[in-house]
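What follows is the residue order along each chain.
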Amino acid sequence: MMRQYYYKILVIIGVIVLFTFQFYPPGKKIKRGLDLQGGLHVVLEVADARTDDKSLSDITDRALEIIRNRIDALGVAEPVIQKDGIDRIIVDLPGVGDPDKAIEIIGQTALLEFRLVSDDAELMNKAVSGDVPEGYQLLYHKEKDERGILRDTQPLLVKIEPEMTGKYIKDAYLGYDNSGFPDVNLELDNEGAALFEKVTGENVNRQLAIVLDGVVRSAPVIRERIGGGRANITGKFSVEEARNLAIVLRAGALPAKVDMIYREVVGPTLGRSNITQGLRAALYGAIFVVLFMAVYYSVFGLLANFAMAMNLLILLGFMATIKGVLTLPGIAGIALTCGMAVDANVLIYERIREELRAGKSPRASIDAGYKRAWTAIIDSNLTTIIVGIILFLLGEGAIKGFGLTLSIGIVANLFTAVFVTKAIVDLVITTRKIEKLRI
Amino acid sequence: MDIIKKTNIDFIGKRKAAYVFSLVIILAGLVFFSMRGRQNFGVDFVGGEMMNIEFSTGTDVSEIRDILGNLNIGYYSVQELGENGKSFIIKSGFGTIEKILGEFGSRYGSESFTIKGQSQVSPSMSTTLRNKALFAFIAGMIGILLYITIRFEFRFAVGATLAIFHDMLFVLAILAITRKQIDATVIAAFLTIAGFSVNDTVVIFDRIRENIRKHRGDDYTAVFNNSINETLSRTILTGLSTIVVVLCLFFLGGETLHVFSLSLLIGFIIGTYSSVFIATSILIDWHKVQPHKFNV
């Protein structure tokens, strides 16, 4: 009989050691969600009405790979990029320093085209007055003004059919032109180099517009035939812009138009204040419950508090083990778990008191209390865990995190409230003769 | 210490008063709710932009409202955080944020404010989020209904589920009356309230099950009343300790958790109340209309 109790105590100590090891040090082991450390969460939708589900799904896969390349080039720690359904892409960038830049780089379609500019002055005049000739398009050469806003400047009449697109780009990187202004250097593959040589050779002294996503970024005049597959894009870029453009060009163009349909940005200061406020609230709540239990149930209250602390330890250790993400509602879920952890003990203790009032001995009251409270504990906890699991499976982001902590908390709760406290109580009342229960 | 002694209160006898109280609040809430329309919902569920912006120098709500009003951007709302006229939560239609920030930039200078947090939800995404939340809720309800039917019986499952609906509507009513907005975290709160409420109800049902098996009589009103009284000390203790935890979240949890913890606070109070007055009373009234031998 006694050996069985010692065996149970060993299990309890083992669990404590295991989970302490799992989650210590908490700062490193527990992953924090977007709301607790700041960062970016976006959902993108591929908009391509021409295709069926199958090819839409393929396009989404390609877009996802391209976006992954671009994000890798940004150098964000632990990005999460995943497909959602057939036409959506979810991107999570926790702790990203400059969310605006990330948004810009993710969303750029980056269709780069080299298109010839008409050198016919008469056609040009007609186009400006509204009569655009067949096969041509009036595009504006956009430049940034001193406040950094893109503004239309002089119009250019360019051919709709591009001479060449950005798909031949082998590499793209930041460089500087002869006057020291930043530009983007392109290296073309063999096919591209040949094509570019042909285009430049046939159109010496004409303007070749470099069109990015339908905007003329630069329209240099072709001075001579350019061989060797090297080209530059100039266009009043800042160093930052030239570098970003190079990233986009290097990673390739998105295969279709991509809309950003959801975007959530949490600044690092908001993230920090969320975590401090959330933890402080949870801490005060826990302190109240601990004091209350100790006062109301004396020794048994302390036992319930031990069970609650162990519950918390298992919860955090488990979160660390499965690399679950702690969110702000997740902290709320932990606080609630503490509240519900004591509920199981309240059920048991109130039942023990009832049995004592009915005139049973301390030993018999404890046994009956645990036994009779059991159905209430299991049924109430299992109905709650149904909600927790559904939130985890069907929810997103913060809600998912909440469902996770709630579910783990309830499992831990069943273990600590029923197994742990019972083992300790059994050990004590078996080793010592108890005349009167202090409960 | 033992504050709550054995009680003998006729809870079932007071059910008519409870029905009236609940109906009045819920109906009032529905009136407010239908009057507010899309204002009931945060950007998660109707689409739009929300940003948490902080100015380095003080301005004030009415000035911000004037600026937004002159922009012709349609719907917007401004809420001040704190009282120094620096921090605001601004909500507006989808795709309007560039225009707003551009205007702030030319009015105050682009260095004079920082965006602490921002979310932008397109109408198609908000439909997805709304459907997912609704789906999660319905799935949760079905799960609870099934579990209680298996462990107790169908009428108990209906009683518990109706009590949950009562709690949801009650919280929804209070949120509408106090002009709060429903977003994704509020849905998490709703599901927690459902979990808490059913937890409370199941503990009372568990005692009813035990007493029905013991007495085998059919004076259900007496059995129900006894069961509620016998579990009353636990109901109050657990209710109070969880409510205090939620009070801490409400007062200390910060702006992000405000509506979430408010919903939980109301929900836990009402969840406790409905377990005692609504879930059990429905079973008694159902029995009166259509006599039934509980087989648990």
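Residues numbered from 1 in each chain as written. Chains lettered and ligands numbered in written order. Predicted model: local features only at pLDDT ≥ 70, side-chain atom pairs only at ≥ 80, totals over all residues.

**Some thoughts on the overall build of chain B**
So, step 1. Along the backbone of chain B there are 10 helices and 4 strands.
So, step 2. Sequence-ordered secondary structure for chain B, helices as α and strands as β, is α-α-β-α-β-β-α-β-α-α-α-α-α-α.
So, step 3. For chain B, the spread of C-alpha atoms along the three principal axes comes to 80 × 45 × 30 Å.
So, step 4. When burial is assessed residue by residue, chain B has 47% of its 296 residues classed as buried.
So, step 5. Across chain B, the fraction of contacts at a sequence separation of at least 24, relative to all contacts at a separation of at least 6, is 78%. (Helix = DSSP H or I, 4+ residues; strand = E, 2+ residues; numbered from the N terminus. Buried ≥ 20, exposed ≤ 12 C-beta atoms within 10 Å, placed from the backbone. Contact = placed C-beta atoms within 7 Å.)

**Looking at the overall build of chain A**
So, step 1. Counting its regular elements, chain A contains 12 helices and 15 strands.
So, step 2. For 439 residues, the compact-globule estimate of 2.2 N^0.38 gives 22 Å, and the C-alpha radius of gyration of chain A, at 33 Å, exceeds that figure by more than 25%.
So, step 3. Summarising its shape, the C-alpha atoms of chain A cover approximately 110 × 40 × 40 Å along the three principal directions.
So, step 4. Within chain A, the fraction of its 439 residues that count as buried is 44%.
So, step 5. Taking all contacts inside chain A whose residues are at least 6 apart in sequence as the whole, residues at least 24 apart take part in 72%. (Rg over C-alpha atoms; globule rule 2.2 N^0.38 Å.)

**Considerations on the domain arrangement of chain B**
Think of interface size as the accessible area that goes away when the parts come together; that is how it is often given.
So, step 1. In terms of domains, chain B is made up of domain 1 (12-41 + 125-289) and domain 2 (48-121).
So, step 2. The C-alpha centroid of domain 2 of chain B is placed 38 Å from the C-alpha centroid of domain 1 of chain B. (Domains from an automatic or database assignment.)

**Some points on the interface of chain A and chain B**
So, step 1. With 56 residues of chain A at the interface, the matching set in chain B holds 52 residues.
So, step 2. Breaking the side of chain A that touches chain B down by element, the ones donating at least two residues are β2 (39-47), β14 (257-266), α9 (268-321), α10 (328-357), α11 (362-394) and α12 (398-431) of chain A.
So, step 3. Among the elements that line the side of chain A that touches chain B, the one with the most residues is α9 of chain A, at 15 residues.
So, step 4. Counted by class, the side of chain A that touches chain B contains 32 nonpolar, 14 polar and 10 charged residues.
So, step 5. Pairing analysis gives 5 bridges linking β14 of chain A to strand β4 (residues 113-121) of chain B, with the strands arranged antiparallel. From the neighbouring strand, V265 of chain A faces β4 of chain B, where its bridge partner is Q118 of chain B. (Nonpolar A, V, L, I, M, F, W, Y, C, P; charged D, E, K, R; others polar. Pairing = 2+ DSSP bridges.)

**Considering the nonpolar core**
So, step 1. Membership of the largest hydrophobic core comes to 201 residues, with the highest contact counts inside it found for A335 and L391 of chain A together with A160, V171 and F190 of chain B.
So, step 2. Ranked by residues supplied to this core, first place goes to α9 of chain A with 20 residues.
So, step 3. Setting aside residues no more than four positions away along its own chain, F190 of chain B makes contact with F137, M168, V171 and S263 of chain B. (Core = buried A, V, L, I, M, F, W, Y, C linked by C-beta atoms within 7 Å.)

**Here we look at the pairing of strand β2 (residues 76-81) of chain B**
Consecutive residues of a regular strand have side chains that alternate between opposite faces of the sheet.
Residues and elements named next belong to chain B.
So, step 1. As paired elements, β2 and strand β3 (residues 87-92) share 6 bridges and run antiparallel to each other. Pairing of E80 across the sheet is with F88, part of β3.
So, step 2. Where β2 folds back on β3, the antiparallel hairpin that results is connected by 5 residues, among which G82 adopts a positive phi of roughly 70°.

**What about α11 of chain A?**
So, step 1. A rise of 1.5 Å per residue sets the reference length of α11 of chain A, with its 33 residues, at 48 Å; its end C-alpha atoms lie 47 Å apart and thus fit the reference within 8%.
So, step 2. At W374 of chain A, α11 of chain A is bent by approximately 35°, the largest bend along its length. (Expected span 1.5 Å × (residues − 1). Bend = angle between axes of the 7 residues up to and from the residue.)

**Considering unusual backbone geometry**
All names here are of chain A.
So, step 1. In this structure, P25 follows Y24 across a cis peptide bond, with omega equal to -10°.
So, step 2. Mapped onto the elements, P25 comes out in the loop between α1 (2-23) and α2 (26-29).
So, step 3. The backbone of S298 sits at a positive phi, close to 40°, despite the residue not being glycine.
So, step 4. Positionally, S298 belongs in helix α9.
So, step 5. In the Ramachandran plot, K323 falls in the positive-phi region, its phi being about 55° despite a non-glycine side chain.

**Overview of the sheet that holds β2 of chain A**
So, step 1. Here 8 strands make up an open sheet; going across it, the order is β3(A)-β4(A)-β2(A)-β14(A)-β4(B)-β1(B)-β3(B)-β2(B) and the pairing antiparallel. Taken across any chain shown, the strands that pair with only one partner, and hence form the sheet edges, are β3 (80-84) of chain A together with β2 of chain B. Between one strand axis and the next, the sheet turns by 20° as a mean value, whatever way the strands run.
So, step 2. On the sheet, helix α4 (residues 53-74) of chain A packs against β2, β3, β4 (88-94) and β14 of chain A and is oriented at approximately 170° with respect to β3 of chain A. (Axes fitted to C-alpha atoms, helices over the stretch in contact; angles between N-to-C directions.)

**Overview of the sheet that holds strand β13 (residues 230-233) of chain A**
Residue and element names in this part refer to chain A.
So, step 1. Taken in spatial order, the 3 strands of this open sheet run β9-β10-β13, and their pairing is antiparallel. Single-partner strands in this sheet number two, and they are β9 (169-176) and β13. Going across the sheet, the axis of each strand differs from the next one's by a mean of 25°, ignoring polarity.
So, step 2. Note that β9 and strand β10 (residues 182-188) share 7 bridges and pair antiparallel.

**Considerations on the pairing of β3 of chain A**
Residue and element names in this part refer to chain A.
So, step 1. Relative to β4, β3 runs antiparallel, the two sharing 5 bridges. Along β4, the bridge assignment pairs I81 with V91.
So, step 2. Taken together, β3 and the strand that follows it, β4, pair antiparallel across an intervening segment of 3 residues, in which G85 is found at a positive phi of about 70°.

**Focus: helix α5 (residues 99-107) of chain A**
So, step 1. Taken together, the buried positions of α5 of chain A are P99, A102, I105 and I106 of chain A. Relative to the axis of α5 of chain A, the buried residues are bounded by an arc of 130° and lie together on one face. (Arc of directions from axis to C-beta.)

**Some remarks on the packing of helix α5 (residues 123-151) of chain B against helix α7 (residues 184-215) of chain B**
All names here are of chain B.
So, step 1. As a packed pair, α5 and α7 sit with axes 11 Å apart at the nearest point and diverge in direction by 5°. As the angle between them shows, α5 and α7 are arranged roughly parallel. Contacts from L129, A133, A136, F137, G140 and I144 in α5 reach A184, I187, F190, L191, A194 and V198 in α7.
So, step 2. Residues that form the contact of α5 with α7 fall into these classes: 11 nonpolar, 1 polar and no charged. (Parallel < 35°, antiparallel > 145°, perpendicular 65-115°, else oblique.)

**What to know about the environment of L249 of chain A**
All names here are of chain A.
So, step 1. As for its placement among the helices and strands, L249 is situated in helix α8 (residues 239-251).
So, step 2. Assessed through the 21 C-beta atoms surrounding it within 10 Å, L249 is described here as buried.
So, step 3. When the C-alpha atoms of L249 and A304 are compared, they prove to be 61 Å apart, with 55 residues separating the residues in sequence.

**Section: the environment of D343 of chain A**
So, step 1. With respect to the helices and strands, the residue D343 of chain A is situated in helix α10.
So, step 2. The sequence separation of D343 of chain A and A417 of chain A amounts to 74 residues, and the corresponding C-alpha distance is 9.1 Å.

**Concerning the packing of α9 of chain A against α10 of chain A**
Residue and element names in this part refer to chain A.
So, step 1. In contact at an axis separation of 7 Å, α9 and α10 are set at 10° when each is read in the N-to-C sense. With respect to α10, the element α9 is oriented roughly parallel.
So, step 2. Grouping the constituent residues of the contact of α9 with α10 by class yields 21 nonpolar, 7 polar and no charged.

**Let's talk about the confidence of the model for chain B**
So, step 1. Taken as a whole, chain B shows an average pLDDT of 88; of its residues, 100% reach a score of 70 or greater.
So, step 2. In the predicted assembly, ipTM is 0.84 and pTM is 0.77. (pLDDT = per-residue confidence, 0-100.)

**Thoughts on the environment of R353 of chain A**
So, step 1. Inspection of the secondary structure assignment puts R353 of chain A in helix α10.
So, step 2. When near neighbours in sequence (up to four residues on either side) are disregarded, R353 of chain A contacts I439 of chain A together with D2 of chain B.

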